[in-house]
Amino acid sequence: ISKRDSRATSLAEAQARAQFQRTLESIIKTSQGEEGVRHGGINGSDEGEISNDNVLAIAQGVVKNLVIIKKSKFLRADGSYHVYVCLEYRGDRKALAEDITQKAKQQVSDDERLRNQYDFEKFRQRVEEELAKMKAQN
């Protein structure tokens, strides 16, 4: 909502992109599974989980291929604009899962990456499954 049409549209688009990013963050956290990633984890800790900061960085790094497919604008009684934006991801689910996995791999050292190869593959598969669930829900 804004008094200026262009500002209201920009805000709505930014909020929609942020929501997609939060959804990806949730998918990444869910995809870690109970066991996380062995041998020190993706963040190098003993817990075997991706840290919240790393999850945020990964999600921010892969938010692309989003296009506006619908925009609704309403003029309110006070003269401000209320804009709704619907975004659609136009990329391939497998490519997105691979991109997320590659970003996660960049969070660890080369030695850890080699030891965790199997775990990263399982992580990629879980990301892909979560993305499929998300698509099925919509």
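The structure we're discussing is the one just above.
Rules used in this analysis
In this convention, every chain numbers its residues from 1, walking through the sequence in written order. The predicted origin of the model limits local features to residues at a pLDDT of at least 70 and limits the giving and counting of side-chain atom pairs to 80 or more, whereas totals for whole chains, interfaces and linings rest on all residues. Side-chain numbers here rest on the full set of heavy atoms in the structure, without hydrogens or water. The helix and strand labels rest on DSSP assignments: H or I over at least four residues marks a helix, E over at least two residues marks a strand, and numbering proceeds from the N terminus. When accessible area is computed with a 1.4 Å probe and restricted to protein chains, residues below 20% of their type maximum are described as buried, those above 50% as exposed, and intermediate ones as partly exposed. In what follows, a contact means two residues having at least one pair of non-hydrogen atoms within 4.5 Å. In these tables, accessible area is a Shrake-Rupley quantity obtained with a 1.4 Å probe, and a residue counts as shielded only by the protein chains included in the view. Side-chain atoms within 4.5 Å are what join buried Ala, Val, Leu, Ile, Met, Phe, Trp, Tyr and Cys residues into a set we call a nonpolar core. One less than the number of residues in a helix, times 1.5 Å, gives the span that helix is expected to have. Between any two strands, at least two bridges found by DSSP are needed for them to pair. Here, a salt bridge means any Lys or Arg side-chain nitrogen found within 4 Å of an Asp or Glu carboxyl oxygen.

Can you explain the overall build of the protein chain? Please cite residues and give values.
When its secondary structure is counted, the protein chain shows five helices and two strands. Reading the secondary structure of the protein chain in the N-to-C direction produces α-α-β-β-α-α-α. Within the span of the protein chain, comprising 138 residues, buried residues form 35% of the whole. Long-range contacts, defined here as pairs at least 24 residues apart, represent 61% of the contacts in the protein chain between residues at least 6 apart. In the structure as shown, the protein chain presents an accessible area of about 8,400 Å², 45% of it carried by carbon and sulfur atoms.

Can you break down the nonpolar core residue by residue, with the values?
Generally speaking, a soluble globular protein has its nonpolar side chains buried in company with each other. Leu24, Ile28, Leu96, Ile100, Phe123, Val127 and Leu131 are the most contacted members of the largest nonpolar core, which totals 24 residues. Secondary-structure elements contributing two or more residues to this core are helix 1 (5-31), helix 2 (52-62), strand 2 (81-89), helix 3 (93-105) and helix 5 (117-137). Considering every element that reaches this core, the biggest residue donor is helix 1, with seven residues. Among residues more than four places away in sequence, those in contact with Val127 are Ile27, Ser31, Ala97 and Ile100.

Could you give an account of helix 5, with specific residues and numbers?
Helix length check: helix 5 (21 residues) gives 31 Å between terminal C-alpha atoms against 30 Å at 1.5 Å per residue, within 8%. Residues Asp119, Phe120, Phe123, Arg124, Arg126, Val127, Glu128, Glu130 and Leu131 constitute the buried set of helix 5.

Which residues make up the pairing of strand 2, and what values do they have?
Of the strand pairs in this sheet, strand 1 (residues 66-75) and strand 2 are connected by nine bridges, and their pairing is antiparallel. Counted as the bridge partner of Leu75 is Tyr81 from strand 2. Remark: five residues form the turn of the hairpin made by strand 1 and strand 2, two consecutive strands paired antiparallel; Gly79 in that turn has positive phi of roughly 90 degrees.

For the side chain of Arg124, give the residues involved together with the corresponding values.
Within the element layout of this structure, Arg124 appears in helix 5. In this structure Arg124 touches Ala97, Glu98 and Thr101, once residues within four positions along its chain are discounted.

Tell me what's going on with helix 3, and back it up with residues and numbers.
Its 13 residues give helix 3 an end-to-end C-alpha distance of 18 Å, which sits within 8% of 18 Å, the value for a rise of 1.5 Å per residue. Here helix 3 has its buried residues at Leu96, Ala97, Asp99, Ile100, Thr101, Ala104 and Lys105. Buried residues along helix 3 sit in contact with helix 1, helix 2, strand 2, helix 4 (110-115) and helix 5.

Summarise the pattern of salt bridges; cite the residues concerned and give the values.
One pass over the full model with this rule turns up nine salt bridges. The partner of Glu128 in a salt bridge is Lys94, and the shortest N-O contact between them spans 3.4 Å. Placement of Glu128 in helix 5 and of Lys94 in helix 3 is noted, with a sequence separation of 34 residues between them. Taking the relative accessible area as the measure of exposure, Glu128 reaches 14% and is therefore buried. Exposure remark for Lys94: the relative accessible area of 52% places this residue in the exposed category. Residue Arg124 pairs with Glu128 through a salt bridge whose shortest N-O separation is 2.7 Å.

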